[in-house]
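Observations on the model geometry
Listed below are the residues making up each chain.
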Amino acid sequence: MTHATYARRQAARSWWRDGLEGSIYLLCAIGIAFAVADGALLATSALDGIYAAGRLTGIVAAILVLVQMTLISRAPFVERAFGHDRVASVHTRLGKPVVILMLLHAGIITVVSAQYDGRSVLSQSAAFWELGWFMVAAQAALGIFVVIAATSLVAVRRRWRYERWHAVHLLVYAGVATAVPHQFLEGSTFRDAGAAWWFWLALYVLALGSFLLWRVVVPAIRTSVHGLKVASVEPLADGSTSIVLAGRGLDRLRARPGQFMLWRFLDRERWTEAHPYSLSRAPEADTLRLTVKPSGDHSRGLAALRPGTRVVAEGPLGVFTEDSAHAPGAVLVAAGIGITPMRALLEGDDAPAALIYRVRSRSEAPLLDEVAALTAERGVALHVVEGPRASSGWGTAAGETLASLVTDVADRDVYVCGPPAWTARVRDDARAAGVPRHAIHEERFGW
């Protein structure tokens, strides 16, 4: 593949990504414009102006909630533009503004309505119930979103197991469902069933439709069509486990080396949970393989999987593939079980220039024998950085740097996969070596 081909591919991705990001602001502007056209700014007093601000904050909050749902729908048009990690990051960053805007919306509307009617704020909150069940549902939705925002704070997430946090986070769907009715039944912008009504209906259909299609319908169809099952479970000497999955026509999934999928194993212990694991070798027409290290309850229990167990797989997900590269001959940098997508990338169409593998010891290094054989076969330089963790940097006390191991690293893409803090240190080293920010691709193994 020529450098011009790489440039054209990245330019197309950049335009698509920028367009999707810009559409968020455009949708907010259209939503506000419809409210203004409906007379939201025709204020005759300061109190009317404040009430209008309350309406507009509610409109922006509703649009951002629908954007969040679309982001986590796993729709291909979103995933291929941003990548799963960036989608999750944007989704998380939008959470706080959404809740703040909702609180402002509810607070302003309640306080100003209380002033209009000469009631206390508490009495006005209860008076909204007289308008209909949809206002009670809206107040419940506000409470749900506050709970979700509170449990999404970093301080809370660090103390919770992923499974518990995820179970609470599922309440977001109840929150959306209970918030929608008051918008259409009470919101003045929507009462005449005009263009604004159709605009909002289209937004809800896109967001909820994408979510249902790609999170429910497509996985169910693929489960039926591909018949994915556990074919073998192989414990490895370093303590990790390789799981081979067999099925029909798996090449139609179009999975690429470096991608991951969300795996749900349908046995008694694990059927309620779906977890992300990278493919640890290039996908084949009838088999896929993943390799996991026991780092939590779920991954630890996978060694006990029985062959024949049915599997539901969502994906493939992520843009940690050679398609993200800006030039041939990338440098791959992995730590521990972060080697799994790198092992698959070694079988890609474009061989990397070098692979740097950070391990405590060779006996604890997953898939090292396979990696050594593949790098030798494809002419890829292999650097195994072995030893105790350094007090700073990403290597050992010897003070390895990317530039010292790959002298022309500044001219190459750098793919990094490992724990979040370690990945950040490699990224900083790559930037110090002169690697452009857009040429650094990260896959962080952590939640």
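Here's a quick rundown of the structure. (Residues numbered from 1 in each chain as written. Predicted model: local features only at pLDDT ≥ 70, side-chain atom pairs only at ≥ 80, totals over all residues. Heavy atoms only, no water.)

1. Examining the sheet that holds strand β10 (residues 414-418)
The strand order β9-β8-β7-β10-β11 describes an open sheet built from 5 strands, whose pairing is parallel. This sheet does not close on itself; its edge strands, each paired only once, are β9 (381-386) and β11 (440-444). The mean inter-strand angle of the sheet, taken between neighbouring strand axes irrespective of direction, is 10°. Note: strand β7 (residues 331-335) against strand β8 (residues 354-359), 5 bridges, orientation parallel. Within the sheet, the bridge partner assigned to A335 lies in β8 and is R358. Taken strand by strand, helix α13 (residues 368-378) contacts β8 and β9, and its axis lies near 150° from that of β9. (Pairing = 2+ DSSP bridges. Helix = DSSP H or I, 4+ residues; strand = E, 2+ residues; numbered from the N terminus. Axes fitted to C-alpha atoms, helices over the stretch in contact; angles between N-to-C directions. Contact = heavy atoms within 4.5 Å.)

2. Describing the packing of helix α2 (residues 46-71) against helix α4 (residues 84-117)
Direction vectors running N to C along α2 and α4 enclose 155°, while the axes themselves pass 7 Å from each other. Classified by the interaxial angle, the pair formed by α2 and α4 is roughly antiparallel. Of the two possible hands of crossing, α2 and α4 adopt the one that is left-handed. Across the contact of α2 with α4, the residue classes break down as 20 nonpolar, 9 polar and 2 charged. (Parallel < 35°, antiparallel > 145°, perpendicular 65-115°, else oblique. Left-handed = near helix turned anticlockwise from the far one by under 90°. Nonpolar A, V, L, I, M, F, W, Y, C, P; charged D, E, K, R; others polar.)

3. Topic: the packing of aromatic side chains
Across all of its chains, the model carries 7 aromatic pairs by this definition. Where W133 meets F134, the ring centres are 6.0 Å apart and the plane angle is 80°; that geometry is what we call edge-to-face. What makes F134 buried here is its relative accessible area of 9%. Put simply, the rings of F34, F199, W200 and Y204 pair up and form one aromatic cluster. (Phe/Tyr/Trp six-rings, centres within 6.5 Å; stacked < 30°, edge-to-face > 60°. Buried < 20%, exposed > 50% of the residue type's maximum accessible area, 1.4 Å probe, protein only.)

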